[in-house]
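Overview (structure and organization)
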Amino acid sequence: MRADPAAQMRLLDLQALDTRLGQLAHRRRSVPQVAELSGLASRAGVLRDRDVAVRTLVSDLERELARAEGDVAAVRARIARDQRLLEGGTVGSAKQLTDLQHEVESLRNRVSALEDAELEVMERLEEAQARVAEVAGEVEALQAQQSAAERGRDEAFADVDAEVARVEGERVRVLADLPGDLLALYDRIRADAGGVGAAALHRGRCQGCQLTLTPADLGRIRGEAADAVVRCEECRRILVRTPESGL
Ligand SMILES: [Zn+2]
């Protein structure tokens, strides 16, 4: 292949811009807030599960409390009924009276035990309600962290994207100076060789693979016409000759 030496030099400009675009793409991927946001998202998942668990516990305890209140009310109603019987003077025998008095006494003990149980459920309910509030607080703090990280990420993206736009603009201008066949060769090599399709020959060394050319290879290149497109024998990249090539 042949290409004007000026176009070959221009290929180095294109390579520099493409390398810069590669670096910018890497910078966009490694914006620290991206990893931070992914960590925060999994933390949000954990908090959502915890929120469901504590809210379920609250509604279970509310039902349990309603049941305990019902139990207490039922026994109190029974005591009230017995009291009315005792005070109404309708209970005839002394044995019946004594039985009734014993029942009231045992019902009072029962109420006291039920009230203790009710109080214990109330305490557990209060603790669970406090946990709901605590989780809600954690969710709120996490959302604030997420918003801050999103803002930071978007700012970093905007910086990178502005630089990408600038480099791409410059790239379009460089492309205009390159013949199609040289560009096609460059693109093909670049795809196979880790993003580097063209390299300068600098003081006898290929800047693509960093290997020093043998005297025989240098001699061969020295013999090539200025518009010949030379390739590195080692990495097969386009080797661009410059005044510093050491030929
Ligand atoms: Zn090379």
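Residues numbered from 1 in each chain as written. Predicted model: local features only at pLDDT ≥ 70, side-chain atom pairs only at ≥ 80, totals over all residues. Heavy atoms only, no water.

A short note on the pairing of strand β4 (residues 238-241)
- Burial along β4 is two-sided: the face carrying Ile238 and Val240 and the face carrying Leu239 and Arg241 are both buried.
- Bridge analysis of strand β1 (residues 198-202) against β4 gives four bridges, and the strand direction is parallel. When the bridges of β4 are listed, Ala200 appears paired with Val240.
- Bridge count between strand β3 (residues 230-231) and β4: two bridges; the pairing is antiparallel. Looking across to β4, one finds that Arg231 is bridged to Ile238.
- Linking two consecutive strands that pair antiparallel, namely β3 and β4, is a turn of six residues; a positive phi of about 65 degrees is found at Arg236 within it. (Buried < 20%, exposed > 50% of the residue type's maximum accessible area, 1.4 Å probe, protein only. Helix = DSSP H or I, 4+ residues; strand = E, 2+ residues; numbered from the N terminus. Pairing = 2+ DSSP bridges.)

Thoughts on the coordination of the zinc ion
- Around the zinc ion, the protein supplies Cys206 (SG), Cys209 (SG), Cys232 (SG) and Cys235 (SG) as donor atoms, at distances of 2.2 to 2.3 Å.
- Taken together, the four donor atoms coordinating the zinc ion span angles of 106 to 115 degrees at the metal, a pattern that classifies the geometry as tetrahedral.
- Counting gaps between the donor residues of the zinc ion yields the pattern C-x2-C-x22-C-x2-C. With Cys209 in the loop between β2 (205-206) and α5 (215-222) and Cys235 in the loop between β3 and β4, this pair connects stretches of sequence that are 26 residues apart.
- Of the residues examined, Cys209 reaches a relative accessible area of 23% and is grouped as partly exposed. (Donors = N, O, S within 2.8 Å, 3.2 Å for Na, K, Ca; no water. Tetrahedral: all angles 85-135°; square planar, octahedral: opposite > 155°, others 65-115°.)

Considerations on the side chain of Glu163
- Within the fold, Glu163 resides in helix α3 (residues 94-175).
- Since its relative accessible area comes to 19%, Glu163 is described here as buried.
- Here the side chain of Glu163 touches Arg20 through a polar contact of 3.2 Å, side chain to side chain. (Polar contact = N/O pair within 3.5 Å; in protein donor to acceptor, adjacent residues only side chain to side chain.)

Topic: the packing of aromatic side chains
- Counted according to the given criterion, the structure contains zero aromatic pairs.
- A cation sits over an aromatic face here: Arg28 above Phe157, 3.9 Å from the ring centre. (Phe/Tyr/Trp six-rings, centres within 6.5 Å; stacked < 30°, edge-to-face > 60°. Lys NZ or Arg CZ within 6 Å of the ring centre and 35° of its normal.)

Some words on unusual backbone geometry
- In this structure, Gln210 takes a positive phi of about 70 degrees despite not being glycine.
- Locating Gln210 in the fold gives a position in the loop between β2 and α5.
- For Arg236, which is not glycine, the phi torsion reads 65 degrees and is therefore positive.
- The residue Arg236 is located in the loop between β3 and β4 in this model.

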